[in-house]
Amino acid sequence: MIDNHTYQQLLPLACEWAKQQEEFILARGSPLAPRGASDARQIGVQDPSRVRVLVVDRIPMPENEALAEASRRAQIITDSSRGVAIGYGIILRADSWGNRELLLHQLVHVAQCERSGGLESFVEEYLGDRKASAKFTVGSLEEEARRVAREICAAEPVAK
Ligand SMILES: [Zn+2]
């Protein structure tokens, strides 16, 4: 677990890292395909045209060792992460490209970020939510993302 002192020290670093990552993804990623854009609207993303998706071989971990270690320990971004949403930037691991539920999940985080009022407030809200969670839950924002993605996939089975 991450104690409060460590959390307070790492939070500004996490915000800074998130801002840099979002900038990087927005500069290099691709806009959503039409289906992704309509999924985004269904999920409640206000501005789907701002979303960019970047496909990578491996989800990048923060360079700061303490931050990377906390991220792994809290299972927020780990070496086995397949995708992550940072503001309007979504990173997907190449071997999970085309995984609809994974993209939907990340789009829920984009909508949450908009609702939160921006990346910095979202990082704080998301990490606070994860930090406050009991040992066996992942936090209400993460639960919402998992539930919504599952529901949409179940409602519209992928055409064969
Ligand atoms: Zn998530």
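**Student:** Mind showing me how you'd approach the nonpolar core here?
**Tutor:** Grouped burial of nonpolar side chains is what soluble globular proteins tend to show. In this structure, Ala-40, Ile-43, Val-45, Val-51, Leu-107, Val-108 and Val-110 are the most contacted members of the largest nonpolar core, which totals 34 residues. Elements supplying a minimum of two residues to this core: α1 (4–28), α2 (34–43), β3 (83–86), β4 (89–93), α4 (100–116), α5 (119–132) and α6 (140–155). With near-sequence residues (within four places) excluded, Ala-40 lies in contact with Leu-32, Val-45, Pro-48, Val-51, Leu-107 and Val-110.

**Student:** Just checking my understanding: could you explain α4 for this structure?
**Tutor:** For an α-helix, the turn length of 3.6 residues means that residues three or four places apart are oriented alike. An ideal rise of 1.5 Å per residue puts 24 Å on 17 residues; α4 measures up with 24 Å between its terminal C-alpha atoms. Those residues of α4 lying buried are Leu-103, Leu-104, His-105, Gln-106, Leu-107, Val-108, His-109, Val-110, Ala-111, Gln-112 and Cys-113. Contacts from the buried residues of α4 go to α2, β3, β4, α5 and α6. Gly-117 occupies a position one or two residues after α4 and carries a positive phi of about 100°.

**Student:** Which parts of the structure should I look at to understand the packing of α1 against helix α3 (residues 65–73)?
**Tutor:** The relative placement of two packed helices is expressed as an angle between their axes plus a distance between the axes. Remark: α1 packs on α3, axes separated minimally by 10 Å, with the N-to-C direction vectors making an angle of 100°. Taken together, the axes of α1 and α3 lie roughly perpendicular to each other. Contacts between α1 and α3 involve Thr-6, Leu-10, Leu-13, Ala-14 and Trp-17 from the former and Ala-66, Leu-67 and Ala-70 from the latter.

Cut-off values and rules
- Here the residue numbering is sequential within each chain, running from 1 through the sequence in written order.
- The predicted nature of this model means local features are confined to residues of pLDDT at least 70 and side-chain atom pairs, given and counted, to a pLDDT of 80 or more, with totals for whole chains, interfaces and linings taken over all residues.
- Core membership is restricted to buried Ala, Val, Leu, Ile, Met, Phe, Trp, Tyr and Cys residues, and these are joined into a nonpolar core through C-beta atoms within 7 Å.
- Three exposure classes are used. Buried residues have 20 or more other C-beta atoms within 10 Å of their own C-beta, exposed residues have 12 or fewer, and partly exposed residues fall in between, all C-beta atoms being placed from the backbone.
- Secondary structure is summarised from DSSP: a helix means a run of H or I of at least four residues, a strand means a run of E of at least two, and numbering begins at the N terminus for each.
- Any residue pair is listed as a contact if its two C-beta atoms, each placed from the backbone, are within 7 Å.
- Here the expected length of a helix is defined as 1.5 Å per residue gap, with one fewer gap than residues.
- For helices, the fitted line uses only the C-alpha atoms of the stretch in contact; every axis is such a line through C-alpha atoms, and the angle between N-to-C directions lies from 0 to 180 degrees.
- Note that the term roughly parallel is reserved for angles under 35 degrees, roughly antiparallel for angles over 145, roughly perpendicular for angles of 65 to 115, and oblique for everything else.

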